[in-house]
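A closer look at the structure
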Amino acid sequence: MSDVAVNPVSNLDTVALAATTPEKHQPWKELGLKEDEYQSIREILGRRPTSSELAMYSVMWSEHCSYKSSKIYLRQFGEKVTDEMKKHLMVGMGENAGVVDIGEGWAVTFKVESHNHPSYIEPFQGAATGVGGIVRDILTMGARPIAVMDQLRFGAVENPDTARVVHGVTAGISFYGNCLGLPNIGGETVFDKVYQGNPLVNALSVGALRHEDLKLAKASNPGDLVILFGARTGADGIGGVSVLASETFDSTGPTKRPAVQVGDPFAEKVLIECCLELYHAGVVAGIQDLGGAGISCATSELASNGGAGMRVDLEKVLKRDESLTPEEILMSESQERMMGIVPKKDLKAFVALVEKWEVEYSILGEVINEDRLYINWHGEEIVNVPPRTVAHDGPVYHRPVAYPAWIDALNADTVVAAGLARSNDNATEIAAQLVEVVSSPNQADKSWITDQYDHYVGGNTALAQPDDSGMVRVSEETGLGVAIATDANGRFCQLDPYNGAKLALAEAYRNVAASGASPMAVTNCLNFGSPENPEVMWQFQQATAGLADGCLELGIPVTGGNVSFYNQTGDVAIHPTPVVGVLGVIDNVARRIPSGWQDSGNNIYLLGVTRDELDGSAWAGVIHNHLGGKPPVVDLAGEKALADLLHGASLQGLVASAHDLADGGLAQAVVESSLRFGVGARVWLGELMERDGVDLTAALFSESTGRVLVSVGREDDVKFVGLCEARNVPVLRIGVTDLAGSDAVVAIKDVADFSLDELRNSWKATLPELFG
Amino acid sequence: MKIGVVTFPGTLDDRDAARAVRIAGAEVVPLWHADANLHKVDAVVLPGGFSYGDYLRCGAIAAQAPVTQAIVKAAEGGLPVLGICNGFQVLVESHLLPGGLIRNENQHFICRDQKLRVENVDTAWTNQFELNQEIIIPLKNGEGGYIADAETLKRLEGEGLVAFRYVDVNPNGSMNDIAGLRNERGNVVGLMPHPEHAVEAGFGPDKAGTMRSGIDGLKFFESVLKQVVNA
Amino acid sequence: MPKIIVEIMPKADLLDPQGKAVLNALHRQGYGKIQNVRIGKRIEIHLNDAPSAEDLEGAREIADSFLSNGVIEDVVNIHVED
Amino acid sequence: MPKIIVEIMPKADLLDPQGKAVLNALHRQGYGKIQNVRIGKRIEIHLNDAPSAEDLEGAREIADSFLSNGVIEDVVNIHVED
Ligand SMILES: Nc1ncnc2c1ncn2[C@@H]1O[C@H](COP(=O)(O)OP(=O)(O)O)[C@@H](O)[C@H]1O
Ligand SMILES: [Mg+2]
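**Some thoughts on the overall build of chain C**
- Of the regular secondary structure elements, chain C holds two helices and three strands.
- Tracing chain C from N to C terminus, the helices and strands come up as β-α-β-α-β.
- Over its C-alpha trace chain C gives a radius of gyration of 16 Å, far above what one expects of a compact globule, namely 12 Å for 82 residues.
- Its C-alpha atoms give chain C principal-axis dimensions of roughly 45 × 30 × 15 Å.
- Contacts in chain C between residues far apart in sequence, at least 24 positions, make up 76% of those at least 6 positions apart.
- When the accessible surface of chain C is summed, it comes to about 3700 Å², and 47% of that surface belongs to carbon and sulfur atoms.
- Here chain C holds 9 positive side-chain charges and 14 negative ones, and the gap between their average locations is 14 Å.

**With respect to the coordination of the magnesium ion (ligand 2)**
All names here are of chain A.
- Taken together, Asp-468 (OD), Asn-511 (OD1) and Asp-660 (OD) make up the protein donors of the magnesium ion (ligand 2), found 2.2 to 2.7 Å from the metal.
- Look at where the donors of the magnesium ion (ligand 2) fall in the sequence and you get D-x42-N-x148-D. Of this pair, Asp-468 sits in the loop between strand S14 (461–463) and strand S15 (470–473) while Asp-660 sits in strand S23 (residues 657–660); the two residues are 192 residues apart in sequence, bridging distant segments of the chain. The burial state of Asp-468 is the same as that of Asp-660; both residues are buried.

**Here's the deal with the state of the cysteines**
- Overall, the coordinates contain zero disulfides over all chains when judged by the stated rule.
- Free of any disulfide, Cys179(A) has its nearest neighbouring cysteine sulfur in Cys58(B), separated by 9.1 Å.

**Details of the packing of aromatic side chains**
- Tallied over the entire structure, the rule returns 19 aromatic pairs over all chains.
- On the numbers, 6.4 Å between centres and 85° between planes, the contact of Phe266(A) with Tyr55(B) is edge-to-face. With Phe266(A) in helix H11 (residues 265–281) and Tyr55(B) in the loop between strand S3 (43–46) and helix H2 (66–76), this pair bridges two chains.
- By relative accessible area, which is 15% here, Phe266(A) ends up buried.
- Given the relative accessible area of 8%, Tyr55(B) is considered buried.
- When the ring centre of Phe203(B) is taken as reference, the NZ or CZ atom of Arg473(A) above it lies at 3.8 Å.

**Side note on the site of ligand 1**
Residues and elements named next belong to chain A.
- Taken together, 18 residues lie near ligand 1, and Asp-150, Gly-187, Thr-189, Asp-467 and Asp-487 sit nearest.
- Here an oxygen atom of ligand 1 and a backbone polar atom of Pro-466 are 3.4 Å apart.
- One nitrogen or oxygen atom from the main chain of Asp-467 is found 2.6 Å from an oxygen atom belonging to ligand 1.
- Within the complex, the protein chains bury 87% of what would otherwise be the 550 Å² of accessible surface of ligand 1.
- Elements supplying a minimum of two residues to the shell around ligand 1: strand S4 (144–154), strand S5 (184–191) and helix H20 (497–514).
- A per-element tally of the shell around ligand 1 places S5 first, with five residues.
- Its residues assigned to classes, the shell around ligand 1 comprises three nonpolar, seven polar and eight charged.

**Structural notes on unusual backbone geometry**
Residues and elements named next belong to chain A.
- The step from Gln-465 to Pro-466 runs through a cis peptide bond, and the omega angle for that step is 5°.
- On the secondary structure map, Pro-466 appears in the loop between S14 and S15.
- Phi is positive for Tyr-67, close to 55°, though the residue is something other than glycine.
- Along the chain, Tyr-67 falls in the loop between helix H4 (63–66) and helix H5 (71–79).

**Considering the interface of chain C and chain A**
- Contacts between chain C and chain A engage nine residues on the former and 16 residues on the latter.
- Its largest share of buried area at the contact with chain A, chain C owes to Asp13(C), Leu14(C) and Leu15(C), together 50% of the area lost on that side.
- Counting every contact that joins chain C to chain A gives two salt bridges.
- Asp264(A) is the partner of Lys20(C) in a salt bridge, and the nearest nitrogen-oxygen pair spans 3.6 Å.
- Our count for the chain C to chain A interface comes out at three residue pairs in polar contact (both at pLDDT 80 or more).
- Each residue belonging to the side of chain C that touches chain A can be placed in one class, and the counts come to five nonpolar, one polar and three charged.

**Some details on helix H21 (residues 534–554) of chain A**
Residues and elements named next belong to chain A.
- The terminal C-alpha atoms of H21 lie 30 Å apart, and with 21 residues this matches the ideal 30 Å at 1.5 Å per residue to within 8%.
- Of all 21 residues that make up H21, 15 are buried, and the element is covered over most of its length.
- Here H21 starts with a cap whose side-chain oxygen sits 2.8 Å from the backbone nitrogen of Glu-535, and that cap is Asn-533.
- Directly beyond the C-terminal end of H21, a positive phi value near 75° is found at Gly-555.

**What about the sheet that holds strand S2 (residues 34–47) of chain D?**
- Strands sit in the order S3(C)-S1(C)-S2(C)-S2(D)-S1(D)-S3(D) across an open sheet of six strands; the sheet is antiparallel. A single partner strand is all that each edge strand has here, and the edge strands are strand S3 (73–81) of chain C together with strand S3 (73–81) of chain D. The sheet shows a mean angle of 25° between the axes of neighbouring strands, direction not considered.
- Here six bridges tie strand S1 (residues 3–10) of chain C to strand S2 (residues 34–47) of chain C, and the two strands are oriented antiparallel to one another. Bridge pairing in S2(C) links Ile4(C) to Ile45(C).
- Sheet contacts for helix H2 (residues 53–67) of chain C: S1, S2 and S3 of chain C together with S2 of chain D; angle to S3(C), the most-contacted strand, approximately 155°.

**Considering the sheet that holds strand S21 (residues 577–586) of chain A**
Residues and elements named next belong to chain A.
- Reading across from one edge, S14-S15-S16-S21-S17-S18 is the order of the six strands in this open sheet, with mixed pairing throughout. Each edge of the sheet is formed by a strand with only one pairing partner; in this case those strands are S14 and strand S18 (558–564). Strand-to-strand, the axes of this sheet are offset by a mean angle of 20°, without reference to chain direction.
- Note: strand S16 (residues 481–487) against S21, seven bridges, orientation antiparallel. Each bridged residue has a counterpart across the sheet, and for Gly-481 the counterpart in S21 is Ile-586.

**Let's talk about the nonpolar core**
- In this structure, Phe229(A), Phe350(A), Phe164(B), Phe221(B) and Leu67(D) are the most contacted members of the largest nonpolar core, which totals 142 residues.
- Examining the composition of this core, we find that nine residues originate from one element, H11(A), more than from any other.
- Beyond its immediate stretch of four places on either side in the chain, Phe350(A) contacts Ile227(A), Phe229(A), Leu278(A), Val283(A), Val284(A), Val342(A) and Tyr361(A).

The rules behind the values
- Residues numbered from 1 in each chain as written.
- Chains lettered and ligands numbered in written order.
- Predicted model: local features only at pLDDT ≥ 70, side-chain atom pairs only at ≥ 80, totals over all residues.
- Heavy atoms only, no water.
- Helix = DSSP H or I, 4+ residues; strand = E, 2+ residues; numbered from the N terminus.
- Rg over C-alpha atoms; globule rule 2.2 N^0.38 Å.
- Contact = heavy atoms within 4.5 Å.
- Areas by Shrake-Rupley, 256 points an atom, 1.4 Å probe, with all protein chains shown as cover.
- Lys, Arg positive; Asp, Glu negative; His and termini not counted.
- Charge placed at Lys NZ, Arg CZ, Asp CG, Glu CD.
- Donors = N, O, S within 2.8 Å, 3.2 Å for Na, K, Ca; no water.
- Buried < 20%, exposed > 50% of the residue type's maximum accessible area, 1.4 Å probe, protein only.
- Disulfide = S-S within 2.5 Å.
- Phe/Tyr/Trp six-rings, centres within 6.5 Å; stacked < 30°, edge-to-face > 60°.
- Lys NZ or Arg CZ within 6 Å of the ring centre and 35° of its normal.
- Near = heavy atom within 4 Å.
- Polar contact = N/O pair within 3.5 Å; in protein donor to acceptor, adjacent residues only side chain to side chain.
- Nonpolar A, V, L, I, M, F, W, Y, C, P; charged D, E, K, R; others polar.
- Buried area = accessible area lost by both parts, 1.4 Å probe.
- Salt bridge = Lys/Arg side-chain N within 4 Å of Asp/Glu carboxyl O.
- Expected span 1.5 Å × (residues − 1).
- Pairing = 2+ DSSP bridges.
- Axes fitted to C-alpha atoms, helices over the stretch in contact; angles between N-to-C directions.
- Core = buried A, V, L, I, M, F, W, Y, C linked by side-chain atoms within 4.5 Å.

Pasting the structure below:
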């Protein structure tokens, strides 16, 4: 902080000094504030801010913490909802994470968050601390974290820098998640050159709690103690998240201090167990994790949320490095810290528990009955602000929005207009295309990554990779559990962000339904380019509207999420990538549906209809290196009917497997369903082509939505088909499951008999060959 | 019948180990790292995880804990002790079992359903298996490569102290495909794979034709029950 | 066999969780006088012949660009042992 | 602040998978002259005052009994830096 960096005591910028030196130059610009923002801070305070106050406002008013560009759009997630949708919501948007009542006295909380920029600079630590941060959000709600997921976007596989990021990110997630003892139950891995300089690392966590254990981040009772506990505060990550996440890379950070944070999952694991015991003992009245913006955020938000104030002696913070200035302490993003609000009468019990876990703590101050946040440094007042103005009254922007100049041309460049060749009459060629699509990096087996993740720990994992959603048991008594799937197709969103967001929602919803659970709530992580680019802002406006409208149509509310802007290199933004996570509930995880067939001789049915929808598809990308046209049509009513059907069928135990169709279309789904347990299949497409009026290429590779591939035991056939007909879900038998073993085949009539072993070899070899 | 399950700071699979003990039909007694009192348990499980972050060397800091010191002494007196993954590393660092465990050959953490061969059934924890039985047990570790000097290896092989060997795939570069060891007396067994993750149908490893239904791990716990009852 | 020794430590400003855990363990073992512990790497590069100036230059390059991660680590020493 | 430096290496005749992986990577990068790479630890123990003979004795003890595992590692060096 060049000219605000002052010595601990001698050169301190105090409130008194600020009042008498109004004209002192302050580095608001270097801290990322705009002139009018700086002026409004002066107006709020009626004087210039102290350097500590400036540090606080600048981090809290950054894009990352204040959502200043996105706020006006995110509101609709709270507005486009019915009472029915809110019925199961115990905590909605705005808290650290939303909380959903799943019955039997249980609730779950889940959220997905980005750690994109740090993960490009230092992939290992960036990804690791991304997991750490989201898990603390879940813990803060009073929940025991029970699983994690990771949504990854990397650059092109052939770019030499991609391997650096892939290795670092996956190792970081593996290290942190595994050490925490949280099963990794799924995620996404996509390679595309648009993410070359801006990989996306999103992490999701889910936690479970009893209703009565719900905790909120607020300090409302005067006299309660403000206690910082967990790791010591150090110089790492000062300005890290806020500056990195708020500006493009060429801008320099405000300090010479390292901008990266180093994670210590061991400290976090201990913190989790310690917090859960503190909750259980009933000794914390409010709690907040320290993430981006550190103590600035925790103090101002706790006070603001509780409608109270706080008095804090900052020198009491336990430091790793005694040379830290008060400004740096306020901004430090050291990991594995929590701030608890503890009634004085409970202090003894609090101390006994933190000491049991050998967690360090220090009492910083107390809650006061005044709308003020006072922070002192060795007795001198360095902060005196209304907490709300820091935490919640940040600037709100109505950024200019412009319809992208390029999009009409892109939409006109359809697969048909571009004349992409189809090999409908050449069985050899189309068979080769199938293998090429299936084993392309985005469609290939992800176990090179997911085998680095512990999916067993906890003993409650009912489904994980490679199944359609991750599922964990919440109640060991009844088997009650939750399923989660996340999706985002950046290619579709580039073509049409409104429908692209709906498509992401539809796919995640369908994945949850395919696993046997009932979709219930939505979280999201909106990854976009610079909000200062009106065309990016248009994409953002479209995507948020699409997601909110889609949720309303499906009747499931958004409970929280995260926005990541500035994902661009120079002027080139990433594809809009709104990662949508859907959480579903299942009364007994024993009822879960696997994504592949386990027995031979079952019938294979395709639910839904197939249109000639190849624009933006994996086929267009992999075979023709093409992106253009319009994404597939979204039919959310159809998705709902499909989900209801799967739920009904699962209750009656009618389906032996279900796998949704998405990237790579029917071809991909058939191959994956066979590979899941090594059971072959015989498939014919003639009737499908005739019924839906599509050619062989579309039958195999179209990415029409609202489709699921199921296998059904012969004895359940009549009942199952009857159920589909009763619910008006289009159903067509397209094949039968075949033998397992070394001569198992996926036989597609008029295309080829693919040896399952050969398919497996190509599908499995791709990532190991690329990344070792 | 009481079986102690140890928790160090950073232990992760203690709840799973406790569940396995309960499913096998024994009573669980939680043991805390800082407490040297073993509460008269009939056997002890050192579960998996990252005790003290597994910093320095896996299991090295946990080997110094009061509870470990007590367990070492009791094991020398014949108390059945099972070390799973990090627990195995603690046993090795405590010199209850020979050799060392180092970073996996491919440098990655690996989680997979692993086939093992039971090579010794004369122990407190394997007596319910058949000799050379092949079982599937989840494996998950970053530092599971077993190493020992030539002389130690020779002794292990010569005296039949290899309890489990990896079959088909050696996932971490362990010498002689060693997945687990026993001590001379047979009361102490350590292995990298996780039997406590294969005790409940629905949550175990995949078996041919049925998802997540493998429960081969249950026999470890049934073995110790049998052993203690017969003792 | 001649070796080039490259010594790498975590940057002073950054958290060294490993060092912290070992420090705590040593304190528990009664070594209260120890103020801090930091843990880094010692990498031996074995060569057939005594390293030339060029080899050392190469080692320095490797140390900075590959063996260490400049974002979180410092190369604190490079020297030759025979 | 004075420090005692403890250097630990994997035993010469045992596998060092990390060293091997780095060696392979260096060969791929064209450093063909390198015969072998081994990776060990460099541990700094920070003290308030210059270490006494007793402190050094203590450090040696810690190094042998705790910082290294004699079954798989050797303490190759202990020295003081100021
Ligand atoms: N980075 C990752 N982390 C964890 N699981 C992943 C990751 N990438 C992919 N997976 C898992 O691999 C499987 C296949 O992924 P994908 O083909 O993208 O599924 P879908 O098409 O159903 O969205 C899924 O179970 C998914 O959860
Ligand atoms: Mg799917």
